[in-house]
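One letter stands for each residue in the lines below.
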Amino acid sequence: MYCQLLSGMIHRQQVLRLGAVFASAFPCAISFLKCNWVSLCNDIRTGKLSPVITDSGCRLAISSILKSVDPHLADEIENICSRRSWKGIVCNLCPKAKYIEAVVTGSMSQYIPALEYYSMGKLPLVCTMYASSECYLGVNLKPLCDPANVSFTLLPNMGYYEFIPLGKDETYGNEDDMISLNKLVDLVHIKTGCYYELVVTTFSGQFFITFFKNTCYYLQLRLVSKQKTSNHKINT
């Protein structure tokens, strides 16, 4: 993170996009910057990378960026970071940034106030995708919409989608209950206004299924699950 921030500070006038996979990464980056901005400014002022960075690959990569001393840039960053309030710090450090891209739905929505504080509400929060560790699931066709109104379009060519119907309390019985396959609902039989957990079979999985073609389903998805559904909970 040190080298990433240093690179960003050196090219701060060219930064157009600020991004992370999850919104939770931004407060971590800001906290790290608060603890290390003095050292970063010293690196820029002297043209030498801090000895704290010992990885040879990182040092080699930064050497191509940190080519000469730049006391003027170091003073600019120091004047910004030494202010009492860090409200709008993102816009001050990267004045040409157009937006912040990160997952801000579901549990990540708790970080929206922090993002708005550090950007002074001037940068739109863009949530472009709905994804899991297994695959991308859908895209946001209106990326500039308010985070509270984000909807995702499921793309059938990304995987095979099935849904676990949830009750009115948005749960499926007890967390240890086995989920029977005959309880799964396919994409064409879901009902508007109901709640579901999403089940995905990808091309790299056991089944190779491409049932839906040339069709796109626009859904309002709610990330309500706090736990992942593990394979042993699906009764085959």
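Below is a short write-up of the structure. (Residues numbered from 1 in each chain as written. Predicted model: local features only at pLDDT ≥ 70, side-chain atom pairs only at ≥ 80, totals over all residues. Heavy atoms only, no water.)

1. Quick word on the environment of Val15
Mapped onto the elements of the fold, Val15 is located in the loop between helix H1 (2–10) and strand E1 (17–22). You can call Val15 buried: its relative accessible area is 16%. Excluding anything up to four places from it in sequence, Val15 contacts Gly8, Cys94, Lys96 and Ala97. (Helix = DSSP H or I, 4+ residues; strand = E, 2+ residues; numbered from the N terminus. Buried < 20%, exposed > 50% of the residue type's maximum accessible area, 1.4 Å probe, protein only. Contact = heavy atoms within 4.5 Å.)

2. A look at the packing of aromatic side chains
Aromatic rings in a pair are described by how distant their centres are and how their planes are angled relative to each other. Evaluation of the coordinates by the stated rule reveals 1 aromatic pair. For the pair Tyr117 and Tyr118, a centre-to-centre distance of 5.3 Å together with 80° between the ring planes defines the contact as edge-to-face. For Tyr118, a relative accessible area of 16% corresponds to the buried category. (Phe/Tyr/Trp six-rings, centres within 6.5 Å; stacked < 30°, edge-to-face > 60°.)

3. Looking at the sheet that holds strand E2 (residues 99–103)
Taken in spatial order, the 3 strands make up an open sheet running E1-E2-E3, and their pairing is parallel. Only two strands of the sheet have a single neighbouring strand rather than two, namely E1 and strand E3 (125–126). Strand contacts of helix H2 (residues 25–46): E1 and E2, with the helix running at about 120° to E1, the strand carrying the most contacts. (Pairing = 2+ DSSP bridges. Axes fitted to C-alpha atoms, helices over the stretch in contact; angles between N-to-C directions.)

4. Observations concerning the side chain of Asn36
Along the chain, Asn36 turns up in helix H2. Separated by 2.8 Å, the side chain of Asn36 and the backbone oxygen of Phe32 make a polar contact. (Polar contact = N/O pair within 3.5 Å; in protein donor to acceptor, adjacent residues only side chain to side chain.)

5. Here's the deal with the pattern of salt bridges
Under the criterion given, the structure shown has 4 salt bridges. Salt-bridge contacts for Arg12 lead to Glu76; the nearest nitrogen and oxygen are separated by 3.0 Å. In this pair, Arg12 is assigned in the loop between H1 and E1 and Glu76 in helix H4 (residues 71–81), connecting sequence segments 64 residues apart. Of the residues examined, Arg12 reaches a relative accessible area of 6% and is grouped as buried. Across the pair Arg45 and Glu78 runs a salt bridge, and its minimum N-O distance is 3.0 Å. (Salt bridge = Lys/Arg side-chain N within 4 Å of Asp/Glu carboxyl O.)

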